[in-house]
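An overview of the molecular structure
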Amino acid sequence: LKPLAHSSLDALRSCDHLSASKQLLLLQNILLLSNMAANLEVGMKLHAKYTDGEFYPATVVQVSTAEKRKAKPVKVNYTGYGAENDAWLPLTSLKSKKLPKSVTTPEPKAKAKAKAKAKAKAVDYSSLEKGAKVQVKAEGKFWAAEVVTVSKDKKKASAPVKVHFLGYTKDSDEWVGADRLKSKALETKGKSASMPPAARKLLLVKPKIAAPLDPGFRPVILAKKAYLEAAKDCTLKLDWALIRADGCARYTLPVFDEKSKEVKASIYMAGVLIQEMIWQRSAAELHLCGPPSVCKALKAAYSKGGAYEFEAMSMPNVCGTPSTPFVVKIVDSVSDLPENKDTPQVCGKDANGCRLAFDLGKSDIKTVAVKDNEVLYSKETEWDVTAEDPEYHYNAIMDAMKLAKAALPKVDAIGGSATGTISADNDATWCDIFPNVKPDVYKEKVVPIFKRIAKDLAGDVPLKVINDGEVTALAAVQAIKKGNVMGISMGSSEGAGYANEDGNLMGWISELCYVKLDMNPKAPTDPWSKGAHRGLSHLYLGQRGATKLAEKGGVDIPDNYKFSHPDMSTIKHEHHAQCLKLI
């Protein structure tokens, strides 16, 4: 402990400018850190912070007193992982009941009160119940506590939760607000769906083979399987219908009794599955039929201010009806719900003659020239989709297509793919490769952009533009000569598509990049949904699936290429492209 003591005392000697009380506080910290080190021994079980900032079960492997190890004197092995994942950590990255609490400077009261008042307005405390285990911030640290009561008195709006600190007398009980609370049950209004305890218990299923660089990954498919197994004897059902212009999607989910704690898991699971189906098929309306409290909760979730506000606000644009609000309706009987309906689109499989094609991704334009099924020209051209003027997009696409056209003696037809919703008439109904174009300009210049490009390039030749993932599905059908195929296009983002048993598209939007893949409530957010959700699939099946793990994978990258850096949390792709090269 000599290196720790000497360095700490040197620090204390340099603090003559501090008040006597603050010097005393610093001395207490030194003594407590020394006690923490003394209490550690090889084989001790504790919780250790991982590179994702979360604490996981671990075992002490070694405690060093060497000078070079003074900053990180404790080596731990994460439970269930090999020695290659062992890490040297500072004392502040360890948690154990055997370790004494550190003392740090408390927040100034005025600042803490201001933060509490601001946060209280946005937090829903309804999920906190008497006896619920929480962590409460005091003197700069979080302490184990339990809820005594939650007040609805307006006078206590800034600090409505009374807590009891475990191991202390009632004299230490306090009224606190969200700024000092950590709890799995707390929900933030208008943000990503908070995961209630019942949902966490049932739906957070650890894979048998954990992801080495993302040990917290909890696949949605395992949650769904676990839920259906747990709810197999439930007699209550929730039915829903997602209605769109040319069809309807239906689903039935068994749900727990309204009076049970597990019903919150039903509501959470239903919200995730509706979200998945919305981004598969699109919807102008959501109709619900089932237990009243479940339907009411989902209606609120898919309305403005709800957990799925992003979907409710996006669907009118996706459906090409921006002035018509998304509708959520509760019906009395399943017979009041429209039947399931799809409108398959017959697709040709032959590329005879002279054809041009483009694929518009979020980081580049891909162009191809084909003559009698043989590729004569293929090129990728980088571009910046964040430009506000769609003339930039038009010129960039035209310039790339003219180079491809030069490889052909004539142009018989043009095909294309793009992210987002493309109408049967080749209109760019809702494409997120034009994220910063203003709505009125979008309607005037972006919606007809593909037809304009085809006409200016080759006159009145046949044109067909579809979703980028659908192109992948059709390519698979062509390659294996079979239907019932799902295609996933992994690039800057992620596209998907589905071809039925006849090899035809379903008329769905297939925007699966916005579908939840990771149930972990602390999974990363993304800039395309503006932080509305966590664990969306394009952060796993696409460029960012690699770049977000670069640092954890040991790749030497600049600080601004690390996933937590603000430069990596925008809709721009330049930094991700450079990071991929380093990977």
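Look a little higher up for the structure.
For the structure given in this document, a descriptive report is provided here. (Residues numbered from 1 in each chain as written. Predicted model: local features only at pLDDT ≥ 70, side-chain atom pairs only at ≥ 80, totals over all residues. Heavy atoms only, no water.)

1. A look at the sheet that holds strand β15 (residues 285-289)
Strands in a sheet are paired, the pairing made by backbone hydrogen bonds, and the direction either parallel or antiparallel. Strand order in the open sheet made by the four strands is β14-β13-β15-β16, with mixed pairing throughout. Bordering the open sheet on either side are β14 (247-255) and β16 (327-330), each of which pairs with just one other strand. Averaged over all neighbouring strand pairs, the angle between strand axes comes to 15 degrees, with direction disregarded. Sheet topology places strand β13 (residues 236-244) next to β15; five bridges connect them, and they run antiparallel. (Pairing = 2+ DSSP bridges. Helix = DSSP H or I, 4+ residues; strand = E, 2+ residues; numbered from the N terminus. Axes fitted to C-alpha atoms, helices over the stretch in contact; angles between N-to-C directions.)

2. With respect to the nonpolar core
The biggest cluster of nonpolar side chains holds 53 residues, and the ones touching the most others in it are Trp240 and Trp279. Looking at this core, the element that brings in the most residues is helix α6 (residues 263-281), giving 11 residues. Aside from chain neighbours lying at most four places away, what touches Trp279 is Phe310, Glu311, Ser314, Met315, Val318, Trp430, Ile509, Ser510, Glu511, Leu512, Tyr514 and Val515. Membership of the second largest hydrophobic core comes to 37 residues, among which are Phe358, Met398, Val411 and Val461. (Core = buried A, V, L, I, M, F, W, Y, C linked by side-chain atoms within 4.5 Å. Buried < 20%, exposed > 50% of the residue type's maximum accessible area, 1.4 Å probe, protein only. Contact = heavy atoms within 4.5 Å.)

3. A word on the packing of aromatic side chains
This model, assessed by the stated rule, comprises 13 aromatic pairs. On the basis of an interplanar angle of 35 degrees and a centroid distance of 4.6 Å, the ring pair of Trp279 and Tyr514 is categorised as tilted. Linking Trp279 in helix α6 with Tyr514 in the loop between β23 (494-499) and α13 (543-547), this pair joins segments that are 235 residues apart in sequence. The burial state of Trp279 is the same as that of Tyr514; both residues are buried. Taking the centre distance of 4.5 Å and the plane angle of 5 degrees together, the rings of Tyr302 and Tyr308 count as stacked. Three or more aromatic residues joined by ring pairs make a cluster, and in this case those are Trp279, Phe310, Trp430 and Tyr514. One Lys or Arg, Lys182, reaches over the ring of Phe142 and ends 4.4 Å from the middle of that ring. (Phe/Tyr/Trp six-rings, centres within 6.5 Å; stacked < 30°, edge-to-face > 60°. Lys NZ or Arg CZ within 6 Å of the ring centre and 35° of its normal.)

4. Considering the environment of Ser423
Relative to the assigned elements, Ser423 resides in the loop between β20 (413-418) and α10 (439-446). Sequence-wise, Ser423 and Val447 are 24 residues apart; in three dimensions their C-alpha atoms are separated by 9.5 Å. Within the structure, Ser423 has its side chain in polar contact with the backbone nitrogen of Asp427 (distance 2.9 Å). (Polar contact = N/O pair within 3.5 Å; in protein donor to acceptor, adjacent residues only side chain to side chain.)

5. With respect to the sheet that holds strand β3 (residues 74-78)
With antiparallel pairing, five strands are arranged side by side in an open sheet as β4-β3-β2-β1-β5. Both edges of this open sheet fall to β4 (87-89) and β5 (94-95), since each of them pairs with a single strand only. Where β3 and β4 come together, three bridges link them in antiparallel fashion. In the sheet register, Val74 faces β4, and the bridge partner there is Leu89.

6. Looking at a nonpolar patch on the surface
Taken together, the side chains of Met486, Ile488 and Met490 make up a nonpolar region of the molecular surface, amounting to roughly 310 Å² of accessible area. Inspection of the secondary structure puts Ile488 in strand β22 (residues 485-490). (Patch = residues over 30% accessible without salt bridge, like charges linked within 9 Å, V, L, I, M, F, W, Y side chains within 5 Å. Areas by Shrake-Rupley, 256 points an atom, 1.4 Å probe, with all protein chains shown as cover. Salt bridge = Lys/Arg side-chain N within 4 Å of Asp/Glu carboxyl O.)

7. Some details on the pattern of salt bridges
A complete count under the given rule lists 19 salt bridges for this structure. The salt bridge involving Arg452 is made with Asp456; its shortest N-O contact spans 3.9 Å. Of this pair, Arg452 and Asp456 both sit in helix α11 (residues 449-458), separated by four residues, roughly a single helical turn. The partly exposed category is assigned to Arg452, whose relative accessible area is 31%. Counted as one network, the salt bridges with shared partners bring together Arg244, Asp246 and Asp342.

8. A closer look at unusual backbone geometry
Positive phi, close to 80 degrees, is recorded for Ser282, a residue that is not glycine. For Lys481, which is not glycine, the phi dihedral falls at a positive 60 degrees. Looking at the secondary structure, you find Lys481 in the loop between α12 (468-480) and β22. Given the relative accessible area of 62%, Lys481 is considered exposed.

9. Concerning the environment of Asp425
As for its position among the elements, Asp425 is in the loop between β20 and α10. In sequence terms Asp425 and Leu463 are 38 residues apart; their C-alpha atoms lie 9.1 Å from each other. Of the polar contacts made by the side chain of Asp425, one reaches the side chain of Lys451; its length is 3.1 Å.

10. Structural notes on helix α8 (residues 309-318)
Along α8, seven of the 10 residues are buried, which leaves the element largely enclosed by surrounding structure. Listing the buried residues of α8 in full gives Phe310, Glu311, Ala312, Ser314, Met315, Pro316 and Val318. Residues of α8 that are buried make contact with α6. One or two residues past the end of α8 sits Gly320, with phi positive at roughly 75 degrees.

11. Focus on the side chain of Asn467
Tracing the backbone through its elements, the reader meets Asn467 in strand β21 (residues 463-467). In this structure the side chain of Asn467 is engaged in a polar contact, spanning 2.8 Å, whose partner is the backbone nitrogen of Gly469. Each residue touching Asn467, except ones within four places of it in the same chain, is listed here: Ser417, Ala418, Gly420, Ile422, Ala496, Ile509, Ser510 and Glu511.

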